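Reading the structure
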Amino acid sequence: QVQLVESGGGLVQTGGSLRLSCAASGRTFSRYTMGWFRQAPGKEREFVAGINWFGGSTSVADSVKGRFTISGDNAKNMVYLQMNSLKPEDTAVYYCAARPQVASNFNYWGQGTQVTVSS
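Here's what I pulled together on the structure shown here. (Residues numbered from 1 in each chain as written. Predicted model: local features only at pLDDT ≥ 70, side-chain atom pairs only at ≥ 80, totals over all residues. Heavy atoms only, no water.)

Here's the deal with the state of the cysteines
Under the counting rule described, the total for this entry stands at 1 disulfide. Two residues, Cys 22 and Cys 96, share a disulfide whose sulfurs are 2.1 Å apart. Residues Cys 22 and Cys 96 share a disulfide whose torsion about the S-S bond is about -75 degrees; that sign makes it left-handed. With Cys 22 in strand β3 (residues 18–25) and Cys 96 in strand β9 (residues 92–100), this residue pair connects regions lying 74 residues apart in the sequence. Here the two residues Cys 22 and Cys 96 agree in accessibility, since each one is buried. (Disulfide = S-S within 2.5 Å. Helix = DSSP H or I, 4+ residues; strand = E, 2+ residues; numbered from the N terminus. Buried < 20%, exposed > 50% of the residue type's maximum accessible area, 1.4 Å probe, protein only.)

Digging into unusual backbone geometry
Most peptide bonds take the trans form, and the phi angle of most residues other than glycine is negative. Phi angles above zero are rare outside glycine, and Asn 77 is one such case at about 55 degrees. Inspection of the secondary structure puts Asn 77 in the loop between β7 (68–73) and β8 (78–83). Phi is positive for Ser 85, which is not a glycine, with a value near 50 degrees.

Thoughts on the side chain of Thr 33
Examined against the element boundaries, Thr 33 turns out to sit in strand β4 (residues 32–39). Since its relative accessible area comes to 5%, Thr 33 is described here as buried. Within the structure, the side chain of Thr 33 is placed 2.3 Å from the side chain of Asn 52, a separation counted as a polar contact. Aside from chain neighbours lying at most four places away, what touches Thr 33 is Ile 51, Asn 52, Ala 97, Ala 98, Arg 99, Pro 100, Gln 101 and Phe 106. (Polar contact = N/O pair within 3.5 Å; in protein donor to acceptor, adjacent residues only side chain to side chain. Contact = heavy atoms within 4.5 Å.)

With respect to the sheet that holds β7
If you trace the 4 strands from one edge of the open sheet to the other, you get β1-β3-β8-β7, paired in antiparallel fashion. Among the strands making up the open sheet, the edge pair consists of β1 (3–7) and β7. Across this sheet, the average inter-strand angle for adjacent strands is 15 degrees, counted without regard to direction. Of the pairings in the sheet, the one linking β7 to β8 comprises 6 bridges and is antiparallel in character. Considered in β8, the bridge of Thr 69 is made with Gln 82. (Pairing = 2+ DSSP bridges. Axes fitted to C-alpha atoms, helices over the stretch in contact; angles between N-to-C directions.)

This is the structure in structure tokens:
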């Protein structure tokens, strides 16, 4: 059974940095795409960044490009989201997600971790 556990959220001031971690377990993820999503109060959940463990290609939403970086450690089954130059509008619950690379939808989700950026 796939489990995704996020950590690293918290309260930070505008301009600060946080690194989120996602520990994945339950299967071999070599042919999976891992993603980070976020959901702010009253808003839809939105894609933030993704990484293909096979090949290592990444994608980042325009809203965070140049500030957020996604990376992965295959040996440890860990995915990270480095968030720099944080803004109040980055405040949200951040979720780790996984899907087989051949699938179109993310079907495994973590419980989320809260990120709050104060102005």
